[in-house]
2 protein chains.
Amino acid sequence: MKISINADYMLRAVFELAQSKSDKPIPISQIAKSQHIPSKFLEKLFRRLKQYDIVKAIKGKNGGYFLKHKPEEITMHQIIQAAEGQVKIHNCLERSKETTCRNIDNCIFREFWHKFNIHIDEFLKSYTLNDFLTSK
Amino acid sequence: MKISINADYMLRAVFELAQSKSDKPIPISQIAKSQHIPSKFLEKLFRRLKQYDIVKAIKGKNGGYFLKHKPEEITMHQIIQAAEGQVKIHNCLERSKETTCRNIDNCIFREFWHKFNIHIDEFLKSYTLNDFLTSK
DNA sequence: TTAAAACATACTAATTTAGTAGGAATTTGT
DNA sequence: ACAAATTCCTACTAAATTAGTATGTTTTAA
Ligand code: FES
Ligand code: FES
């Protein structure tokens, strides 16, 4: 029940975009360097962030990335979702996955996992990037 | 950020102990069969449950396991902790582990992960085995 | 004394996570 | 026009974790 390193990397990367005062896009190379993340690996993570509508890319020379929305509009939930595909605490909660529980139709624990998941979602949605900016 | 199958197995096994009306210990073989868990694998999990003071073993013929405490005294937190060693959402929160964050002394995210962890702990501590028994 | 149980340890297989390699496509400044 | 810097794309590999087996030993009740 751990956050993946992807989420950690992505959060720090996106935070760096949020901090930027520049009007120019920030290239991956720069973030990779300052956050000590392998550059090629970060590239992949940024493509993910783009898919999930968190950042906007500018291609070509002097290109790079911007946040697509204001920091106060980007929640931790979005970032972790982009990193992990889904925020689901238990296999049963994922669509189209086999469950280990044979008793799925009246499973005693299903509701518990579901509530747990909601609890986590709510927490993650209650934080935005802005909360980290202002705390500096 | 998933619950391991171990936690799932353990929960269902421990629940089966809680349900038992018998005054005799329940052998692993029985639970393995009814829950479709490989028997030898379950053995290992039960040794874990014992270490974490959740069950009590009776050795030898006609032996097996009892819950060590009343169902209302056994929390989900305890069970998941037994399964996963620790309930820590992020590496930084584990004692004696390297963190990916270089900026550890004044890391902006550390507090967030910590709060997240507390939030999860509180939820897991608010459920006991008894909650599942009565909901049947 | 035998059978059924827990206990122990070491190994293996499967899956997931983290990271690399090698480019193609796009854009800008010179 | 062209070189450089960038994103984008796909496939591969390495490392780590998780899940499961194998092969017993020890304990105890009948
Ligand atoms: S259906 Fe998921 S634990 Fe039962
Ligand atoms: S010290 Fe853990 S993310 Fe910074």
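For the structure itself, consult the block above.
Thresholds, definitions, all that
- Residues numbered from 1 in each chain as written.
- Chains lettered and ligands numbered in written order.
- Predicted model: local features only at pLDDT ≥ 70, side-chain atom pairs only at ≥ 80, totals over all residues.
- Heavy atoms only, no water.
- Helix = DSSP H or I, 4+ residues; strand = E, 2+ residues; numbered from the N terminus.
- Buried < 20%, exposed > 50% of the residue type's maximum accessible area, 1.4 Å probe, protein only.
- Contact = heavy atoms within 4.5 Å.
- Areas by Shrake-Rupley, 256 points an atom, 1.4 Å probe, with all protein chains shown as cover.
- Buried area = accessible area lost by both parts, 1.4 Å probe.
- Salt bridge = Lys/Arg side-chain N within 4 Å of Asp/Glu carboxyl O.
- Polar contact = N/O pair within 3.5 Å; in protein donor to acceptor, adjacent residues only side chain to side chain.
- Near = heavy atom within 4 Å.
- Nonpolar A, V, L, I, M, F, W, Y, C, P; charged D, E, K, R; others polar.
- Core = buried A, V, L, I, M, F, W, Y, C linked by side-chain atoms within 4.5 Å.
- Least-squares fit on C-alpha atoms with pLDDT ≥ 70 in both.

Student: I'm lost on the overall build of chain A in this one. Help?
Tutor: Scanning chain A from N- to C-terminus turns up 6 helices and 2 strands. For chain A, the α and β elements follow one another from N to C terminus as α-α-α-β-β-α-α-α. Residue burial in chain A is summarised as follows: out of 136 residues, 49% are buried. Partitioning the intrachain contacts of chain A with sequence separation of at least 6 by distance along the chain shows that 64% fall at a separation of at least 24. When the accessible surface of chain A is totalled, it reaches about 7500 Å², and 47% of it is carbon and sulfur.

Student: What am I meant to see in the interface of chain A and chain B here?
Tutor: Quite often, the size of an interface is put as the accessible area lost when its parts meet. Counting residues at the interface gives 35 residues for chain A and 35 residues for chain B. Carbon and sulfur atoms make up 74% of the surface buried where chain A meets chain B, a total of about 3800 Å² over both sides. Summed over the shared surface of chain A and chain B, the result is 0 salt bridges. Linking chain A to chain B there are 8 residue pairs in polar contact (both at pLDDT 80 or more). Breaking the side of chain A that touches chain B down by element, the ones donating at least two residues are α1 (5-19), α4 (76-84) and α5 (110-125) of chain A. Per-element accounting of the side of chain A that touches chain B gives the leading share, 8 residues, to α5(A).

Student: Whenever I open this one, the protein's contact with DNA strand C confuses me. Can you help?
Tutor: K40(A), I28(B), E43(B), K50(B) and Y65(B) are the nearest of the 27 residues found near DNA strand C. Close to the protein, within 4 Å, the atoms of DNA strand C belong to sugar or phosphate groups at a rate of 61%. One of the side-chain nitrogen or oxygen atoms of Y9(A) is found 3.1 Å away from a phosphate oxygen of DNA strand C. At a separation of 2.5 Å, a phosphate oxygen of DNA strand C approaches a polar side-chain atom of Y65(B). Of all the secondary-structure elements, those providing two or more residues to the surface near DNA strand C are α1 and α3 (39-51) of chain A together with α3 (39-51), β1 (55-58) and β2 (64-67) of chain B. Take the surface near DNA strand C: its biggest share by element is 5 residues, from α3(B). Taken together, the residues of the surface near DNA strand C sort by class into 9 nonpolar, 7 polar and 11 charged.

Student: I would appreciate a short explanation of the environment of E16(B) in the present structure.
Tutor: Residues and elements named next belong to chain B. Summarising the element assignment, E16 is placed in helix α1 (residues 5-19). With 109 residues separating them in the primary sequence, E16 and K125 have C-alpha atoms 20 Å apart. Residues in contact with E16, not counting those within four places in the same chain, are I26, Q30, I31, S34 and Q35.

Student: Is there a simple way to think about the protein's contact with DNA strand D in this case?
Tutor: Taken together, 27 residues sit near DNA strand D, with I28(A), E43(A), K50(A), Y65(A) and K40(B) positioned nearest. For DNA strand D, the backbone makes up 59% of the atoms found within 4 Å of the protein, where backbone means sugar plus phosphate. Separating a phosphate oxygen of DNA strand D from a backbone N or O atom of I28(A) is a distance of 2.9 Å. Here a base oxygen of DNA strand D sits 3.0 Å away from a polar atom, N or O, in the side chain of K44(B). Only α3, β1 (55-58) and β2 (64-67) of chain A together with α1 and α3 of chain B provide two or more residues apiece to the surface near DNA strand D. By residue class, the composition of the surface near DNA strand D is 9 nonpolar, 7 polar and 11 charged.

Student: Even after reading the chapter, I still don't get the nonpolar core, so can you show me in this structure?
Tutor: It is characteristic of soluble globular proteins that their nonpolar side chains tend to be buried jointly. With 89 residues, the main nonpolar core has F46(A), W113(A), F116(A), F46(B), W113(B) and F116(B) as its most contacted residues. Filtering out sequence-adjacent residues up to four positions away, F46(B) remains in contact with A13(B), L17(B), I28(B), I31(B), V55(B) and Y65(B).

Student: Explain the relation of the copies chain A and chain B to me, please; I cannot follow it from the model alone.
Tutor: The operation relating the two chain copies consists of a rotation about an axis and a shift along that axis. Of the transformation placing chain A onto chain B, the axial shift is 0.0 Å and the rotation is 180°, giving an RMSD of 0.0 Å. On the angle and the small slide along the axis, the relation comes out as a two-fold axis. The rotation axis passes nearest to the C-alpha of M1(A) in chain A, at a distance of 2.2 Å. Taken as a fraction of all interface residues of chain A, those also at the interface in chain B reach 100%, which identifies the copy contact as same-surface.

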